[in-house]
Amino acid sequence: MSVGTLRRTRGGVGSSARRVDGVPKVKGAFQYGSDLWAEEMLWGQTVRSPHAHARIRGVDIAKALSYPGVRAVLLAADVPGRKTFGLEFADQPVLAQDRVRYVGEPVAILAAVDPEVARRAAERVVVDYEVLPAVTDMEEALRPGAPQVHEYGNVLHHVRIVHGDPDAPADVWVEGYYETAMQDQAILGPEAGMAVPADDGGVDLYVATQWLHVDRQQVAPCLGLPPEKVRLHLAGVGGAFGAREDVSMHIHACMLALRTGRPVRIVYSREESFFGHVHRHPSRVWMRHGATRDGRLVNVYARVLLDGGAYASSGAAVITNAATFATGPYEVPNALVEATRVFTHNPPCGAMRGFGAPQVCFAHEAQMDRLAQALGMDPARVRLQNAMKTGSVTITGQVVRGSAPVRQVIERCLALPMPEEPAAGPRDPQALPGGAGNVSRGEGVRRGVGIAVGYKNIAYSGGFDDSAEARVRVFRTADGPAVEVHSAAAEVGEGLHTVLVQVARTELGIEHVTLHPPDTAIGSAGSTSASRQTMMSGGAVQLACRAVAEELFRRVRARAASAGRTLRGELTLADGRVLAAGEPVGEVDNYLDEPIEARRTYHHRPTQPLDERGQGDVHVTLAFAAQRAVVEVDEELGLARVVQLASAHDVGRAINPQGVEGQIEGGAAMGLGLALMEEVQLDGGRIRNASFTDYLIPTFLDMPPVVSAVVEEPEPGVPYGAKGVGEMATLVATPAIVAALRAATGRPLNRAPVRPDDLIGLAPPVASGPPPPAPAVPGPRPVPHYHGLDAGQQELMRPESD
Amino acid sequence: MEVLLPRTLDEALAIKAGRPEAVPIAGGTDLMVALNFDRARPPALLDVSRLPELRQWRRKEGWLVLGAGVTYARIVRELPEVVPLVQAARSVGSPQIRNRGTVGGNLGTASPAGDALPVLAAYDAEVELASAGGRRTVPFNEFMVGPKKTVLRPDELIVATHWRFVRGPGSFSKVGTRNAMVIAVASVCLVLDEAGHTVRVALGSVGPTILRAPDAERFVAGALAAAGWWDDPRATLPAQVAREFGERVAAAARPIDDVRGTAAYRRHACGVLARRALVWALEARRAA
Ligand SMILES: Cc1cc2nc3c(=O)[nH]c(=O)nc-3n(C[C@H](O)[C@H](O)[C@H](O)COP(=O)(O)OP(=O)(O)OC[C@H]3O[C@@H](n4cnc5c(N)ncnc54)[C@H](O)[C@@H]3O)c2cc1C
């Protein structure tokens, strides 16, 4: 193919192009899902379980139904189609049938003329519960005799990876136990959407989501409608981070709209949002690392437990990720990993930025520090010495074929400038641990430095072909040629839509690019998750643009031929013009009597599922990051302040450098949150802090300056060589900061978030017994077939047959 | 819901007399949260944020009179000499909250974690209340009688707080699990009265109300007297005084475990904050 890229086109690939949604967002004019409004609209409300585990003996809706202003009250029996939904397994009831399995599980929904009426009516739904014993501890859930969350037991999925000889001896062993808490994505825009009944008996759902098509795949069968009658449109998304991968209010709003014949909008409150989406799985990890005396890793054992709460969500994929990344971006010749994703009566857990990698990164990086200490080596050196590189073999037996600049990210990270040492004498309390609380003038404050290295997959793994489709149209306007890009890919705040525009500009040499609103009128783009959309939807737009260009060049050549000219050399596009061998031939406009349109699908290279020994070429592309944290700890008060984060990232190629920087900073903030404050606190399955008053996320005074370095080693075989960057900073920030806290305090902190009590020794490190025995593998199918989606999400990716 | 907009305090009090169920709203930074969370649905709101008398502060015969409607942002700008109050005001919420939130609202809410309250307790402030029937003043420690419990009557409004200016150093510190915009896990206000030769320390978020630590106060005032410090700020104090002061303050705390922190940590933090506050106060006077 003969398309040259044009660096001159403003706002193309490689430039920090201005965000297409920037101005309206800054001005407050951007319409988020929670701003949706329609004439005659009703307000939906959800009645939720107050119990972690209970049988429903009966539900009395009479008082709610007769409440003035209420238009419908619906229960499980009113679900028109399939009664359950789910991303990988359809195990989650649209509305609880005979049983509730977590606090916050939806039991009834209603629609009313205003939100206040809806709330008051919801209080009048009387549910008769028989409270049952609940299991809310992940280790207890594995013990014989524990209450069973599902009739098929308390294990969703177990992954065993056997690599090399797990009995291989080593000179030096270090052992540790680690925990991370349940973290909330803290999406600023709560779950929101509006369902509008259509004349054809179908429904249009406007919803803030990460993947329109997987939503439709779950919504349509529950409504008993064919997919084409369920049309999804992307509403403005106020952050996602995994929180919008699962269906929340979607089916409920559609059911109410179809029942009442009126548009129904549902917007969760902040408190409800804590029940309305899955969280990051809390983890318990046991690890043993063996190395030679000169610091080469020989053998690693990891036992990983993730508490998935009541339903499957994407837990099977999360635990697979946690297992495959359990030993970190290092060459490990022998390993045994046993990873179990457990069901409990806690709120469901699923996807969150990092997707299983942060939990194990927290553990393996603490282990690398322990190893360095045991060997009397510098922590960075141990890591450099064992760093993976192109050609390395992972513990699943996958040969790393793409770029793997692990050594480079570590070295670049360490080369970033250190923050200045504080001046002698009293210091401004605002800049110290405790910040605005005015607790210190510098007394008792100690610095510590820590580093962490991590890696994660880009795009879906294990044989999943998460292709992306895009349609590109070039047409003539009064102001010259213009491009329209149509993709179902969700912009969730990360800047993807700007990236798609940049790709079109570069490929077609046309600056004026607009985006068609994302919807299900086009094929799936896959999820805006797994750091995959720049590669996948960027790739789809690139392919479609190249097809458009080909047609354009055909017209150019044909016209030249009919004028008796032959064009020599390669045809390229630049600045709205066609060039042959670099010489202008004519304006693109001249060839657009008929617009040119092309639709293309991008597939990444195929991968394989893990086999019974956990071996396989599972991941498409890997991205690596290293981070250094400098912290200050008030040794007496146990307060911490991160002084600086230095972060180096392998991104393949930065399509939008400013966007990359934004992801690094934002991702680091999220990792900082887990290190120091973010925890969904549970008590018998009940969330104790379902508000931003008590679920704390970092403020400006908590976020330090982030200095970053971008390592650009293009990934072979992917568009522009670009990897994703959405998740990596999150996974390394937590272990880097906690390592720095250990260095500052000398305490063996082994749980995130670290609390003041931990930093001053009021609370001992979390203790554990021996790791629980691993379930039999492969064992029975964890979820009976009838619950499943058969081929699951993969069905979505079958080529359209239009 | 009705929103009533009186123009003067008298108008407001007349409304309150007839409609005691009307809930006053000042900055709304507590009340609107309660409304949002569906915890309150008052039949009427009475906006007190426009009442001129409540928005003033003044000095009167050695007293500070702080109108209930003065916001934290104004305190920070306009009252720099009242250091502990400014430090408390500066620690409240975020700039947006400080632009709206008032000391009167802090009193109305009467949370043990209210950041202005330890300052009022340490200054032995009086709370001025008014109804259509007249005015009364109540010492702060009698005004707040429990978590979210005060002696405010349904027909009354909080008009102001008053306290005698105290010559001497002091500070307010609060511990929370993030560096800003955090509800106090524990807070301490220390005031040294050079004229009266007394020390006052008040603790927030470690009991059902704001607590004073009389034993620690007497101990340190005595130690300062014994060292001759009241007369000579350069006098040195035995090293263990500050530590023991901290311990005695910690002993006065009556904390509980909750979602924001453990009782053990809260008690510990009170001791550390009190000790540091004393050291800073001694240094401040020495440097003055
Ligand atoms: C994000 C956020 C952060 C916060 N951070 C802090 C913090 O760090 N520290 C802290 O102490 N507080 C904090 N608060 C709570 C709140 O800002 C303070 O309590 C503030 O002082 C309340 O003042 P207000 O004027 O907004 O009160 P309002 O919300 O208007 O009223 C609060 C209560 O007082 C009553 N009231 C108000 N004025 C009068 C009056 N004149 N007479 C009788 N009753 C009256 C009201 O009826 C109501 O019951 C925070 C709140 C938010 C939303």
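The numbering scheme is per chain: residues are counted from 1 as the chain's sequence reads. Throughout, the order in which chains and ligands are written sets their labels, letters from A for the former and numbers from 1 for the latter. pLDDT decides what is reported in this predicted model: residues at 70 or higher carry local features, side-chain atom pairs at 80 or more are listed and counted, and totals for whole chains, interfaces and linings draw on all residues regardless. Based on all heavy atoms of the structure, the side-chain values leave hydrogens and waters out of the count.

(A) Quick look at the overall build of chain B. Strands here mean DSSP runs of E at least two residues long; helices mean DSSP runs of H or I at least four residues long; both are numbered from the N terminus. The secondary structure content of chain B amounts to 11 helices and 14 strands. Radius of gyration: C-alpha atoms only; globule rule: 2.2 Å multiplied by the number of residues to the exponent 0.38. Against the 2.2 N^0.38 benchmark of 19 Å for 288 residues, chain B shows a C-alpha radius of gyration of 19 Å, consistent with a compact globule. It only takes one pair of heavy atoms within 4.5 Å for two residues to be counted as in contact. Across chain B, contacts joining residues at least 24 apart in sequence account for 60% of those joining residues at least 6 apart. Residue burial considers only the protein chains on display, and all accessible areas are found by Shrake-Rupley using a 1.4 Å probe. When the accessible area of chain B is evaluated, it comes to approximately 11900 Å², of which 53% is carbon and sulfur surface. The positive charge centre, built from 38 side chains, and the negative charge centre, built from 29, are 4 Å apart in chain B. In this charge count, Lys and Arg are treated as positive and Asp and Glu as negative; neither His nor the chain ends contribute. Charged groups are reduced to one reference atom each: NZ for lysine, CZ for arginine, CG for aspartic acid, CD for glutamic acid.

(B) View of helix 11 (residues 406–415) of chain A. Restricting attention to buried positions, one finds in helix 11 of chain A the residues Val406(A), Val409(A), Ile410(A) and Cys413(A). Buried residues along helix 11 of chain A cover an arc of 100° about the axis, so they all sit on one side. Exposure categories follow from relative accessible area, calculated using a 1.4 Å probe and restricted to protein chains: below 20% of the type maximum is buried, above 50% is exposed, and the middle band is partly exposed. Note that the arc is computed from the directions linking the helix axis to the C-beta atoms.

(C) Expanded view of the packing of helix 5 (residues 212–223) of chain A against helix 6 (residues 250–260) of chain A. Residue and element names in this part refer to chain A. Lines fitted to C-alpha atoms define the axes here, with helix axes fitted over just the stretch in contact, and angles between the N-to-C directions of these axes take values from 0 to 180 degrees. Where helix 5 meets helix 6, the closest approach of the two axes is 10 Å, and the angle between their N-to-C directions is 40°. It follows that helix 5 is oblique to helix 6 by the angle criterion. The two elements helix 5 and helix 6 cross, and the hand of that crossing is right-handed. On the side of helix 5, the interface is formed by Asp 215, Gln 218, Val 219, Cys 222 and Leu 223, while helix 6 contributes His 250, Ile 251, Cys 254, Met 255 and Leu 258. Each residue gets one of three labels, nonpolar for Ala, Val, Leu, Ile, Met, Phe, Trp, Tyr, Cys and Pro, charged for Asp, Glu, Lys and Arg, and polar for the others, Gly among them. A class-by-class count of the residues in the contact of helix 5 with helix 6 yields 7 nonpolar, 2 polar and 1 charged. The scheme is simple: roughly parallel for angles under 35 degrees, roughly antiparallel for over 145, roughly perpendicular for 65 to 115, oblique for anything else. Crossing handedness is defined as follows: a turn of the near helix away from the far one that is anticlockwise and smaller than a right angle gives a left-handed crossing, while the clockwise case is right-handed.

(D) Broad picture of the packing of helix 12 (residues 496–508) of chain A against helix 13 (residues 533–562) of chain A. Residues and elements named next belong to chain A. Across the interface, helix 12 lies against helix 13 with an axial gap of 9 Å and an inter-helix angle of 30°. Viewed along their axes, helix 12 and helix 13 adopt a mutual orientation that is roughly parallel. Judged by the sense of rotation from one axis to the other, the crossing of helix 12 with helix 13 is right-handed. Taking contact as the criterion, the partners of Leu 496, Val 499, Leu 500, Val 503, Ala 504, Glu 507 and Leu 508 in helix 12 are, on helix 13, Gln 533, Thr 534, Ser 537, Gly 538, Val 541, Gln 542, Cys 545, Arg 546, Val 548 and Ala 549. Of the residues contributing to the contact of helix 12 with helix 13, the split by class is 10 nonpolar, 5 polar and 2 charged.

(E) Just the nonpolar core, in detail. To define a nonpolar core, start from buried Ala, Val, Leu, Ile, Met, Phe, Trp, Tyr and Cys residues and group those joined through side-chain atoms within 4.5 Å. Core analysis: the biggest nonpolar cluster contains 184 residues, and Leu508(A), Ile737(A) and Leu741(A) have the highest contact counts within it. For this core, the leading source of residues is helix 13 of chain A, giving 12 residues. Counting 53 residues, the second largest nonpolar core, distinct from the first, contains Leu54(B), Tyr72(B), Val127(B) and Leu157(B).

(F) Structural context of the site of the ligand. All names here are of chain B. Only a single heavy atom is needed: when it lies within 4 Å of a molecule or strand, its residue is near that molecule or strand. The environment of the ligand is made up of 33 residues, and the closest members are Pro 24, Thr 29, Asp 30, Tyr 72 and Thr 102. Here a polar contact means two N or O atoms within 3.5 Å. Within protein one must be a hydrogen donor candidate and the other an acceptor candidate, and residues neighboring in sequence count only if both atoms are side-chain atoms. At 2.8 Å from a nitrogen atom of the ligand is found a main-chain nitrogen or oxygen belonging to Ile 158. Contacts to the ligand include Lys 174, whose side-chain N or O atom sits 3.0 Å from an oxygen atom. Surface burial for the ligand is 87%, taken as the share of its 980 Å² of free accessible area covered by protein chains. Among the elements of the structure, strand 2 (23–25), helix 2 (31–36), helix 5 (95–100), helix 6 (103–109) and strand 10 (157–164) are those that each provide at least two residues to the shell around the ligand. Top contributing element to the shell around the ligand by residue count: helix 6, with 4 residues. Partitioning the shell around the ligand into residue classes produces 17 nonpolar, 12 polar and 4 charged.

(G) View of the interface of chain B and chain A. Taken residue by residue, the interface counts 31 residues in chain B and 41 residues in chain A. Salt bridges are defined as contacts in which a side-chain nitrogen from Lys or Arg sits within 4 Å of a carboxyl oxygen from Asp or Glu. The interface formed by chain B and chain A contains 7 salt bridges. Across the pair Glu636(A) and Arg276(B) runs a salt bridge whose closest N-O atoms are separated by 2.8 Å. The interface formed by chain B and chain A holds 23 residue pairs in polar contact (both at pLDDT 80 or more) in total. For the side of chain B that touches chain A, the elements supplying multiple residues, two or more each, are helix 4 (83–91), strand 11 (170–175) and helix 11 (263–287) of chain B. Of all the elements, helix 11 of chain B adds the most residues to the side of chain B that touches chain A, at 9 residues.

(H) Structural context of the sheet that holds strand 33 (residues 751–752) of chain A. Residues and elements named next belong to chain A. Taken together, the 6 strands give an open sheet; going across it, the order is 9-18-17-16-10-33, and neighbouring strands pair in mixed fashion. Two strands close off the open sheet at either side, each with one partner strand: strand 9 (155–163) and strand 33. Strand pairing is assigned whenever DSSP identifies at least 2 bridges connecting the two strands. In this sheet, strand 18 (residues 334–342) lies alongside strand 9 in antiparallel orientation, the contact comprising 8 bridges. Its bridge partner lying in strand 18, Val 155 is registered against Val 342.

(I) Seen up close, the pairing of strand 3 (residues 70–74) of chain A. Residue and element names in this part refer to chain A. In terms of burial, strand 3 is a largely internal element, 4 of the 5 residues being buried. Of the pairings in the sheet, the one linking strand 3 to strand 7 (residues 106–112) comprises 4 bridges and is antiparallel in character. Among the inter-strand pairings, Val 73 is bridged to a residue of strand 7, identified as Leu 110.

(J) View of the sheet that holds strand 5 (residues 63–67) of chain B. Residue and element names in this part refer to chain B. If you walk across this open sheet you meet the 5 strands as 4-5-10-6-7, and the pairing is antiparallel. Since the sheet does not close on itself, it has two edges, and those belong to strand 4 (57–60) and strand 7 (134–139), each with one partner. The average angle at which neighbouring strand axes cross in this sheet is 25°, direction not considered. Here 6 bridges tie strand 6 (residues 126–131) to strand 7, and the two strands are oriented antiparallel to one another. When the sheet's bridge partners are listed, Glu 128 is paired in strand 7 with Thr 137. Along the sheet, helix 1 (residues 9–18) makes contact with strand 6, strand 7 and strand 10, crossing strand 10 at roughly 125°.

(K) Main features of the domain arrangement of chain A. Residues and elements named next belong to chain A. Here the domain parsing of chain A yields domain 1 (22–30 + 467–603), domain 2 (33–132 + 190–237 + 244–277) and domain 3 (280–461 + 609–760). Annotation comment: domain bounds sourced from an automatic or database domain assignment. Computed from C-alpha coordinates alone, the two centres of domain 1 and domain 2 are separated by 38 Å. Counting residues at the interface gives 18 residues for domain 1 and 15 residues for domain 2. Our enumeration of links across domain 1 and domain 2 arrives at 0 salt bridges. Applying the counting criterion to the domain 1 and domain 2 interface returns 7 residue pairs in polar contact (both at pLDDT 80 or more).

(L) Summary view of the pattern of salt bridges. All names here are of chain A. Applying the stated criterion to the full structure yields 72 salt bridges over all chains. Across the pair Glu 727 and Lys 456 runs a salt bridge whose closest N-O atoms are separated by 3.0 Å. Pair noted here: Glu 727 is in the loop between strand 32 (706–711) and helix 15 (728–745) and Lys 456 is in strand 20 (residues 445–458), with a separation of 271 residues, a long-range link. Accessibility classification places Glu 727 together with Lys 456 in one group, the buried group. Note that Glu 551 and Arg 554 form a salt bridge whose closest N and O atoms lie 2.9 Å from each other. Taken together, the residues Glu 551 and Arg 554, both in helix 13 and 3 residues apart, mark about one turn of the helix. With relative accessibility at 22%, the residue Glu 551 sits in the partly exposed group. Among the ionic contacts, a cluster of salt bridges with common partners joins Asp 137, Glu 139, Glu 179, Arg 284, Glu 679, Arg 751 and Arg 755.

(M) Highlighting unusual backbone geometry. Residues and elements named next belong to chain A. Note the cis peptide between Ala 752 and Pro 753, where omega equals 0°. With respect to the helices and strands, Pro 753 occurs in the loop between strand 33 and helix 16 (756–759). Non-glycine residue Ser 313 carries a positive phi angle of around 45°. Counting through the fold element by element, Ser 313 comes out in the loop between strand 17 (297–307) and helix 8 (315–324). Residue class for Ser 313 comes out buried when judged on its relative accessible area of 2%. With phi around 60°, Tyr 720 is a residue other than glycine that occupies positive phi space.

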